[in-house]
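# Descriptive analysis of the structure
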Amino acid sequence: MNLGIFAIKNRLITMIVILASLYGGWFAYENMPRFEDPEFTIRTAVVITQYPGATPEEVANEITEPLETAIQQLQEVDSIVSTSSAGLSRINVNIKYEFSPTKASLQSIWSKLRNKIQDAQSSLPSNAYESIVNDDFGDVYGVYFLLTGDGYSYKELEEYAKQLRTNVLAVDGVAKVSLSGLQREAIYVEISRERAAILGLSVNNIVQDLSQQNAVTSAGNLKAGNRRLIIQPSGSIDSVEDIKNTVVSTDSGTLVYLRDVATVKREYVTPLSDEIRYNGKPAIGFGISNVTGANVVAMGNAIDQKLLEVENQRPIGIEIHEYYHQGKITDEAVLNFALNVAAALAIVLVTLFFFMGLKSALIIGAVLLITIAATLGTMYLIDIPMHRISLGALIIALGMLVDNAIVVTEGILVGTQKGEDKHAVTKKIIERSIWPLLGGTLVGIIAFAPIGLAPGQTAEYTGHLFWVVMISLMYSWIFAITVVPFLGDLLFKQAPPGSKLAAEGKLMAKYKSFMRVMLAKRWLPIGVTIALFLTAVWGFQFVKSGFFPASTTPQIVVDYWLPEGTDISQTKSDMLQIEDTLRELDGIEAVQTLIGQGANRFMLVYSPESNNSSYGQFLLKVESYEAIAGLVPVIQASLDSNYPDAQAKVWQFQLGPGGGSKIEAEFSGSDPKVLRRLADEAKAIMRADGRTISIKDDWRQPVSIIEPVYSSAQGRRLGISREDLSKGLQQNFSGTSVGVYREGDSMIPIIARAPESERVDPNSIGQVQIISPATGAAVPVNQVVESINTIWRDSLLKREDRVWRIKAQADPIAGDLASDLFLRLKPQIEAMELPPGYTLSWGGEQGDSSEANEDLASTLPLGLLAMVLTVVILFNALRQPLVIWLVVPLALIGVVFGLVVTGTPMEFMAILGLLSLSGLLIKNAIVLVDQMDVEIAEGKARFDAVVDSAASRVRPVMMGALTTVLGVIPLFADAFFKSMAVVLVFGLTFATILTLVVVPALYAVFFKIKNDEREA
């Protein structure tokens, strides 16, 4: 059955299909989920275990090691990255892609992980806290507000934030609301040693009295008649005054009020853990995440509506600042897509109008519109949402979608102009074209297959590119052989029988003359092409390499690190000074100051830093993306000159996977001391380069520790153990929790500690009184220690897959490419002499890029094999496929030229563009070679057949290439797709021109066509 004839004869069915496609596309456009980026799954869980008082080495050996052993038993685990610090073990567990292709499959793995961690608890020290498994580490809070209020305390801001959270959680599509930057309160009971001694009080007795006063314990129940009554004593602490009026007993048995011996005050917990500020004011972060598959545009609109509804509940003076709104950004991206589609459609129509006439342009334009609509409808049905990748794929496919329609339209148009019967010519064209067009379409689809079928996070991020291209190209083939004949039958008028085509145009005559010369001297074009190809291979050395480009989001990030162990008060002081400077810079609209840790993950590409007292970060909103290039070096220079003790890095968000330092030299081995020495050598090389910033290692600097050397002999004599010593020092300097004060749904800890005058001087450690549990006497620390020393030790110890690993890290200065810096540093660092058993590997951008390319390469051979077999099966021969495949290297000529001229790096998306370009060239070559075979089979002289075939296919091939090139030009303005657009535009332009000359020449060579094989 001829599908073209079927479509013409069954007009009602054809119209139903067209209308259904258009309606489906419109319905999908209105209702399908919308995101800024694909819903990329972060396959990482964090296992956190506290072990108070332990050194990093003790944490590594007693906590991290047994947990790593348990985790490694799971076959789904890809890698285990652990960080052991004083009193804390943090283990990042990364899961293999093949075991967790979806979020649902990942949840079952997290259950297995929890079971393993639970089973391992028995092997941990008794005073270690129970391990916590955090599997929502990768949640994205795409709508992010900041709450400020002049004259309002953090407590008042928090109360309003909680009220607002309740309202927002009722909005459809909202999954979670995360509050960040909250300041915890505590009630401090500061007990003076001197006053306690004068009154004959034991500090331990005071602490014990406080603990018992507010403890929640059962008082039992009793039977009263036929009822059972619960006994509930009153007298719990209801206010700070109650705490002050607590009665404590002295050693002599007299009773005194706590206020007589201690200062009781309610304040925020010190030292500060973290803090958020916005435009110079204290703030609370308010992050909102969506449920999986929700339309973030609709959710964002609903949130905005909800905020308007509860506006009257907001206290006067409290402001809600919108920092990031993924719904609005996504809505703008979709609108830009619609404009790009309209622009591309207009470009295609205008181009076709000039080259093929109005009716042909209308037919091809209509088919393009129907194809896009059907593609959107199918995307909606199979749950492919609108986002950066799927929309970009549609724009990339726009030019390719007209190729099949052009070939069929051209054939029918020429036939009707000759006076042939419309049905007969339609039947002939469809029968002649259906399989070559299908073969070319399949090759074009398979060229994108490595993107969609490759494993790994990078391919997952870009995977929808393949599926959207596949859907759209298949529809373009289906509609080319059905809708084009239908519309052609309606619009094309059949010329009288025996009509002749208009005289051959001058350009076509000149092309035929040119081709006769080229075929007569066939080795000349082949030799020139080989020379151009070799030149391109040589010129490839001038192409810059990259991974993913910087985001066009108008934001700047400033990471600020002081030496490890810096008190957070110093970090905050520096941050406030820098904040004032940044707010004065032109071009900066808003300054978000983060002290002690990063913000909520409000973008997929933002990875927040975990809590660290020496860390601060600024998130800057700038007026426009164009202003970033001028601001980054200014801010970097200011920080480098004014804060020499700090390490600052000013950078932009990156699109796609990756993140962290651009350059990472990773050393692995058995001895942490040797690894630190190797990292120091690598950092010295990085520093000597002169064009690097933020040179550091991920173990950070060693920190100073006060070490009271406990004397077991003296301790036994005085009845004081090492544990008693530690608890006494903690109670004096940091404080000991002695209960909680209940206020509504809040539980505020009551902490006993020494007054500030007794805990600020490190030299006073020796005079701290330790109560002996055996004798009850107060003993100075000096009597139970041999000495009090200050020592240096590692603050962090990191392992990967249970092997010690340290990363020496650096970044290029603003304006430099990481690939150029890597090429300068690589030979020097790799020349370092490593001890036996120690290894060097590369992470950072180089590691991420290599991993992504390896994932792509894992499916590339099968993709190439499928493309080769498709062409071989199509022709059932070997010489034709060989001619076609020899065209593929021609792509490199234009690609190298385009990348070098535009200064565009060879990024991951450019590699994908190169793959798709090969498919386009093969598709064009198939159409050309098939026409040669057909004309020779019809008995035409072989030399003339080659020339005429090239001439007959020059318009569809040129039109297909031109529409593809013009269709992707709008992507030059998109940072993510720019490198791919450069590859397609320059590669396809050069290669198409060469294809129309070289393919006929190669065909003549392989089939040994002589110059005299012409008609007389």
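Above this text is the structure in question.
How each quantity is defined
Residues numbered from 1 in each chain as written. Predicted model: local features only at pLDDT ≥ 70, side-chain atom pairs only at ≥ 80, totals over all residues. Heavy atoms only, no water. Core = buried A, V, L, I, M, F, W, Y, C linked by side-chain atoms within 4.5 Å. Buried < 20%, exposed > 50% of the residue type's maximum accessible area, 1.4 Å probe, protein only. Patch = residues over 30% accessible without salt bridge, like charges linked within 9 Å, V, L, I, M, F, W, Y side chains within 5 Å. Areas by Shrake-Rupley, 256 points an atom, 1.4 Å probe, with all protein chains shown as cover. Salt bridge = Lys/Arg side-chain N within 4 Å of Asp/Glu carboxyl O. Helix = DSSP H or I, 4+ residues; strand = E, 2+ residues; numbered from the N terminus. Phe/Tyr/Trp six-rings, centres within 6.5 Å; stacked < 30°, edge-to-face > 60°. Pairing = 2+ DSSP bridges. Axes fitted to C-alpha atoms, helices over the stretch in contact; angles between N-to-C directions. Contact = heavy atoms within 4.5 Å. 1 Å grid on protein atoms, 1.4 Å probe; cavity = no way out; pocket = protein on both sides within 12 Å on 5 of 7 lines; lining within 4 Å. Points joined across faces, edges and corners; volume = space filled by probe spheres on them. Nonpolar A, V, L, I, M, F, W, Y, C, P; charged D, E, K, R; others polar.

Moving on: the nonpolar core. Counting 151 residues, the largest nonpolar core has Ile396, Leu465, Met909, Ile922 and Phe977 as the members making the most contacts within it. If you look at the next biggest cluster of nonpolar residues, it comprises 25 residues, including Leu675, Ala679, Ile695 and Met832.

Bringing a nonpolar patch on the surface into the picture now. A surface patch of nonpolar side chains, about 790 Å² in accessible area, is lined by Val350, Phe353, Phe354, Phe355, Leu358, Leu362, Leu490 and Leu491. Where the nonpolar patch is concerned, the elements lending two or more residues are α10 (326–356), α11 (358–381) and α16 (483–491). Looking at the nonpolar patch, the element that brings in the most residues is α10, giving 4 residues. Along the chain, the position of Phe353 falls in helix α10.

The full count for this structure, using the stated rule, is 24 aromatic pairs. Arranged with centres 6.1 Å apart and planes meeting at 55 degrees, the rings of Phe897 and Phe986 form a pair that is tilted. Here Phe986 lies in helix α30 (residues 978–1006) and Phe897 lies in helix α27 (residues 891–902), a separation of 89 residues in the sequence. Note on Phe897 and Phe990: the rings are 5.3 Å apart at their centroids and 45 degrees apart in plane angle, and the pair reads as tilted. With a gap of 93 residues between them, Phe897 in helix α27 and Phe990 in helix α30 connect regions that are remote in the sequence. Residue classification places Phe897 among the partly exposed positions, given a relative accessible area of 42%. Pairwise contacts between aromatic rings join Tyr144, Tyr278, Tyr323, Tyr324, Phe602, Tyr606, Trp651 and Phe653 into one cluster.

With that settled, consider the sheet that holds strand β12 (residues 262–268). The strand order β12-β7-β24-β23 describes an open sheet built from 4 strands, whose pairing is mixed. The two strands at the open ends of the sheet, each matched to only one other strand, are β12 and β23 (736–743). If you compare each strand with its neighbour and ignore which way they point, the axes differ by 25 degrees on average. Bridging between strand β7 (residues 185–191) and β12 involves 7 bridges; their strand directions are antiparallel. Bridged to Tyr188 within β12 is Lys265. Most of the contacts of helix α5 (residues 154–168) go to β12, to which it runs at about 45 degrees, and overall it touches β7, β12, β23 and β24 (746–753).

What follows is about empty space enclosed by the protein. Empty space left among the atoms is revealed by rolling a probe the size of a water molecule over them. Counting across every chain of the model gives 4 cavities of 30 Å³ or more. Estimates place the volume of the largest cavity at around 70 Å³. What lines the largest cavity is Asp403, Asn404, Val407, Leu437, Lys923, Asn924, Val927, Pro956, Val957 and Gly960. Considering only enclosed or pocket space, the second largest cavity measures out at about 50 Å³ in volume. Lining the second largest cavity, in full, are Val407, Arg432, Ser433, Pro436, Leu437, Val927, Asp930 and Arg953. Where the lining of the second largest cavity is concerned, the elements lending two or more residues are α13 (422–453) and α28 (908–937). Ranked by residue count, the leading element in the lining of the second largest cavity is α13, at 4 residues. Grouping the amino acids of the lining of the second largest cavity by side-chain chemistry returns 4 nonpolar, 1 polar and 3 charged.

A separate point is the pairing of β23. As paired elements, β23 and β24 share 7 bridges and run antiparallel to each other. Looking across to β24, one finds that Ser737 is bridged to Ile751.

Overall, the coordinates contain 43 salt bridges when judged by the stated rule. The partner of Arg114 in a salt bridge is Asp135, and the shortest N-O contact between them spans 3.1 Å. Of this pair, Arg114 sits in helix α4 (residues 103–120) while Asp135 sits in the loop between β4 (132–134) and β5 (143–149); the two residues are 21 residues apart in sequence, bridging distant segments of the chain. On the basis of relative accessible area, Asp135 is assigned to the partly exposed category, the value being 22%.

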